Amino acid sequence: MLEIGQEQLELLERLTNACAVSGDEGAVRKIVLDEVEEYVDELQVDALGNVLALCRGEGDGERLKVMVAAHMDEVGFMLTADEKKGLYRFARVGGLDPRQLVGKALWVGAERIPGVIGAKPIHFTKKKERQNAISLESLRIDVGPENGSKIKVGDRATFATQFTRLGKSIRAKALDDRFGVATLIELVKHAPQNIDLLTAFTVQEEVGLRGAWVAAYALDPDLGFALDSTPARDFLPWNDEEENVTYNTRLGAGPAIYTTDARTISDPRLIKHLITTAEELDLPYQLRQPGGGGTDAGAIHRQRAGVPSVTVSVPARYLHSAASLARMADWEATLALVHAALGRLGAGIMQFAD
Amino acid sequence: MKSLIKKFAQIPGPSGYENQIRAAVRAEVEPCANEVIVDALGNLIVRWGEKGPDGLRMMLSAHLDEIGVIATHVDKKGFVRFAGLGGVHPAYCVGGHVRFLNGTRGVISFEKESGLKKMPSLDKLFIDVGATSPGDCPVGVGDVAVFARKYQELGEKIVTKALDDRIGVVVLVEALRQLHEENLDSPHELYFVFSTQEEVGLRGAGTSAYHINPDLGLSVDVTSTGDTPKGSKMEVRLGEGPAIKVRDGGMLSDPRVVDWMVSTAEEHEIPCQLEILKGGTTDARAIQVTRAGVPVGCLSVPCRYVHSPSEMVDYGDVEDSVRLLVALLSDQVPQLEGEE
């Protein structure tokens, strides 16, 4: 079974420290291309910037074409107006809670200029004022006057959070979805031979699954898997009186297999295949609570004449914020589960129960 | 036809889990079909007839799935929390019965703390399956259920769960059977599609339309009515014939298709009404925007209490819907020429 060692952690470190806000995924794409180049049969960057890498299986028989997608982009910011002396107005890219932005350190533009999201300090705020969230319109990105000319309107910015290991946990930005990207790179390096593995490192997932939609059209697969990261709301000090019934997923409980989210009803045959694989190999797994959200599977399964699809995610706390926290063991089990499940796919998987 | 309605409505088929109802429909249509396919998303596609010189490749769609619920959590005392699969309204849930696909039955209640005056949201509701802990609860996260309700005839009206859209499924099956058994001539190559995952976003219809690549598309689905006390402001009434859709919340019918449907109804003296629906949409929307675009229309069976466990249709409307559909399919479609 595939494992997470020093090499994989260093790869994840490089991937999470890289900045790749939706539409500007070049930094992560470069790492991906360098990593997978020598392991693939075909490699291309498509018109939208998706990396499509094919690992052909072995043998003369018919093989399933299995698309596995992970998105390269992350949520972040875009500069929208230059107010001079290093101050910029900005917009959010992807889902970010405006209440979580104030005071955060940033990397801005291609040169990763250090900046901060500034707001009026406590010295000048009234008690009543502090009871309300600060409006997005009153926030600015400040990089200082000397650096103001090194960035421009349209540039992206991300949280300036360095990857850190905390014992058996990881703290980093953009674990959504560098976990998926790192997992997919490992799958390319250890591609199962029973299938044609069609990997898609996708762009623009956080703004509407856009890269996966065109990638799935191009690849025209038989089956689709999305690898992602999903929130764990298992730690609720602000709600410890009652039973937590909306945790989504829990850290330490293993890979999260999706049954339904807002964009996809996972194919029951693929859910069953993943569960059976996990149980036979004694791997932990959890079923993500059915509910909202969406992954690349939401685009893949509706492409062309339809593609049975499923998502597996690594659970992580505090996603879409400056720093997320996750367990290495959950990532390792996710990698092992997906690798094993792909390796056990046969033509029989497509049979309907009726 | 009533026995078919009863049979199909009682079979569970929540979105994404349509295998039982698909098998039942397949058994009915297979003897009539030239070809039967179940595609990757589970759509049942039945081909009938050959395309003549004046014929079209036509897609007809009625969805197999019905709204349902999916378990999200089993709490310490064995109560099951759930989310909706499709448009599930809390107002129709409380006091309702559900049946999970594994056979487990349950009743829905709500957190009393939130009071009776305000309608609770879905996350304040729970299913009681008679369990006392997760250990003895026969339901787990991800298990799906449908609303349970018996079939009843109230005069000319039929009441049961899932008439949305088993009534459309029955109309398609009956039309196919009549075309086939009565050796009716049709100039068209017809694809009867029994689609999946309509209630969560027309997902099956979109992919099957891509596969079929039709010249014209028609969905057969239910529509709401405006004939109940202080009901929706809407002209459609139960018992006044099939409704020919002009527009709904997601689609504008092709006016040439509407004209063809209306003139066919008039020609055959079949009562009909025009439908303008504010919210909601049907498979026709997904067909319309597939590939390079498809002219579409929709034949609606008027239905009261849509998405409640007690959906009601008028049997005369159902019979007239079959007559209208057969009439539409047996003749050539006037040239769908553009406006000058």
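Owing to the predicted nature of the structure, the values given are computational and were not obtained by experimental measurement. (Residues numbered from 1 in each chain as written. Chains lettered and ligands numbered in written order. Predicted model: local features only at pLDDT ≥ 70, side-chain atom pairs only at ≥ 80, totals over all residues. Heavy atoms only, no water.)

Draft legend 1. The arrangement of the domain arrangement of chain A in detail. Residue and element names in this part refer to chain A. Domain parsing of chain A yields domain 1 (6-74 + 173-350) and domain 2 (76-159). Centre-to-centre, using C-alpha coordinates, domain 1 lies 31 Å away from domain 2. Listed as interface residues are 14 residues of domain 1 and, on the opposing side, 14 residues of domain 2. Taken together, the two surfaces of domain 1 and domain 2 that pack against each other cover about 1,100 Å², and 63% of this comes from carbon and sulfur. At the boundary of domain 1 and domain 2, one finds zero salt bridges. (Domains from an automatic or database assignment. Contact = heavy atoms within 4.5 Å. Buried area = accessible area lost by both parts, 1.4 Å probe. Salt bridge = Lys/Arg side-chain N within 4 Å of Asp/Glu carboxyl O.)

Draft legend 2. Summary view of the interface of chain A and chain B. Taken together, the contact pairs 31 residues of chain A with 31 residues of chain B. Taking both sides of the interface into account, the surface hidden between chain A and chain B amounts to around 2,300 Å²; carbon and sulfur atoms contribute 60%. Summed over the shared surface of chain A and chain B, the result is zero salt bridges. Summed over the shared surface of chain A and chain B, the number is nine residue pairs in polar contact (both at pLDDT 80 or more). No other element matches the three residues that helix α5 (residues 268-280) of chain A contributes to the side of chain A that touches chain B. Partitioning the side of chain A that touches chain B into residue classes produces 14 nonpolar, eight polar and nine charged. (Polar contact = N/O pair within 3.5 Å; in protein donor to acceptor, adjacent residues only side chain to side chain. Helix = DSSP H or I, 4+ residues; strand = E, 2+ residues; numbered from the N terminus. Nonpolar A, V, L, I, M, F, W, Y, C, P; charged D, E, K, R; others polar.)

Draft legend 3. Representation of the nonpolar core within the structure. Residues F201 and L342 of chain A are the most contacted members of the largest nonpolar core, which totals 69 residues. Setting aside anything within four residues of it in sequence, one finds L342 of chain A in contact with V66, V68, L187, P192, N194, I195, L197 and F225 of chain A. (Core = buried A, V, L, I, M, F, W, Y, C linked by side-chain atoms within 4.5 Å. Buried < 20%, exposed > 50% of the residue type's maximum accessible area, 1.4 Å probe, protein only.)

Draft legend 4. Spotlight on the pairing of strand β17 (residues 311-314) of chain B. Residues and elements named next belong to chain B. Because side chains alternate across β17, one face comprises the buried residues E311 and V313, and the other comprises M312 and D314, equally buried. Bridge analysis of strand β11 (residues 157-160) against β17 gives four bridges, and the strand direction is antiparallel. Within the sheet, the bridge partner assigned to I158 lies in β17 and is V313. (Pairing = 2+ DSSP bridges.)

Draft legend 5. Here's a closer look at the layout of surface pockets. Estimated volume of the largest pocket: approximately 920 Å³. P268, R269, I271 and K272 of chain A together with Y17 of chain B are the residues nearest the centre of the largest pocket, which is lined by 39 residues in total. Of all the secondary-structure elements, those providing two or more residues to the lining of the largest pocket are α5 of chain A together with α2 (19-29) and β4 (68-74) of chain B. Top contributing element to the lining of the largest pocket by residue count: α5 of chain A, with five residues. Of the residues in the lining of the largest pocket, the class split is 18 nonpolar, 15 polar and six charged. Each pocket or cavity is described by its volume, and for the second largest pocket that value is around 740 Å³. Along the wall of the second largest pocket there are 27 residues; nearest its centre are V245 and T246 of chain A together with R81, E111 and D123 of chain B. (1 Å grid on protein atoms, 1.4 Å probe; cavity = no way out; pocket = protein on both sides within 12 Å on 5 of 7 lines; lining within 4 Å. Points joined across faces, edges and corners; volume = space filled by probe spheres on them.)

Draft legend 6. Looking closely at the environment of Q100 of chain A. Residues and elements named next belong to chain A. Among the structural elements, Q100 can be located in the loop between β5 (87-93) and β6 (105-108). A relative accessible area of 37% places Q100 in the partly exposed class. Along the backbone, Q100 and S321 are 221 residues apart, and their C-alpha atoms lie at a distance of 6.9 Å. Residues in contact with Q100, not counting those within four places in the same chain, are H320 and S321.

Draft legend 7. How the structure looks around the side chain of S186 of chain B. Residues and elements named next belong to chain B. Residue placement: S186 occurs in the loop between α4 (163-181) and β12 (189-195). On the accessibility criterion, S186 (18% relative accessible area) is buried. One polar contact links the side chain of S186 to the main-chain amide nitrogen of H188, over a distance of 3.2 Å. A distance of 2.8 Å separates a polar atom in the side chain of S186 from the backbone oxygen of L329. With residues up to four places along the chain from it excluded, the contact list for S186 reads W48, E50, L329 and S330.

Draft legend 8. How the structure looks around the environment of C93 of chain B. Residues and elements named next belong to chain B. Residue placement: C93 occurs in helix α3 (residues 90-93). For C93, a relative accessible area of 0% translates into the label buried. Residue contacts for C93: discarding those within four places in its chain leaves V88, I108, L122, L125 and F147.

Draft legend 9. Representation of the pattern of salt bridges. All names here are of chain A. Tallying each qualifying case throughout the model produces 37 salt bridges over all chains. A salt bridge links R99 to D97, with the nearest nitrogen and oxygen atoms 2.7 Å apart. For D97, a relative accessible area of 23% corresponds to the partly exposed category. In this structure, K152 and D155 form a salt bridge, with 3.2 Å as the shortest nitrogen-oxygen distance.

Draft legend 10. Just the sheet that holds strand β11 (residues 169-172) of chain A, in detail. Residues and elements named next belong to chain A. Across the sheet, three strands lie side by side as β10-β11-β17; this open sheet has antiparallel pairing. Edge positions in the sheet fall to β10 (164-166) and β17 (324-327), since each has one partner strand and no second. Neighbouring strand axes in the sheet, compared pairwise and without regard to direction, differ in orientation by 25 degrees on average. Here four bridges tie β11 to β17, and the two strands are oriented antiparallel to one another. Each bridged residue has a counterpart across the sheet, and for I170 the counterpart in β17 is A326. (Axes fitted to C-alpha atoms, helices over the stretch in contact; angles between N-to-C directions.)

Draft legend 11. Geometry of the domain arrangement of chain B. Residue and element names in this part refer to chain B. Examined at the domain level, chain B breaks down into domain 1 (2-66 + 161-330) and domain 2 (68-147). Contact with domain 1, which involves 16 residues of that partner, is made by 13 residues of domain 2. Approximately 1,100 Å² of surface area, both sides summed, lies buried where domain 1 meets domain 2, with 67% of it carried by carbon and sulfur atoms. Our count for the contact surface shared by domain 1 and domain 2 stands at zero salt bridges. Looking at the side of domain 1 that touches domain 2 residue by residue, the class counts come to seven nonpolar, six polar and three charged.

Draft legend 12. Region of the structure containing the sheet that holds strand β1 (residues 42-45) of chain A. All names here are of chain A. Read from one edge to the other, the open sheet built from eight strands follows the order β1-β2-β12-β3-β13-β16-β14-β15, with strand pairing classed as mixed. The open sheet is flanked by β1 and β15 (286-287), the only strands paired with a single partner. One ladder, built from two bridges, connects strand β14 (residues 256-257) with strand β16 (residues 309-316); its direction is antiparallel. What sits directly across from A256, in β16, is S313. Across the sheet, helix α3 (residues 175-189) lies against β2 (51-55), β3 (65-71), β12 (196-202), β13 (223-231) and β16, angled at about 140 degrees from β13, the strand it touches most.

Draft legend 13. View of unusual backbone geometry. In this structure, D177 of chain A follows D176 of chain A across a cis peptide bond, with omega equal to 15 degrees. Within the element layout of this structure, D177 of chain A appears in helix α3. Put simply, D164 of chain B and D165 of chain B share a cis peptide bond, and its omega is 10 degrees. Examined against the element boundaries, D165 of chain B turns out to sit in helix α4. The phi dihedral of N248 of chain A is positive, around 65 degrees, even though this residue is not glycine. Following the sequence through the fold, N248 of chain A ends up in the loop between β13 and β14. Relative accessible area serves as the criterion here: at 14%, N248 of chain A is assigned to the buried category. We note that N183 of chain B has phi near 50 degrees; this positive angle belongs to a residue other than glycine.

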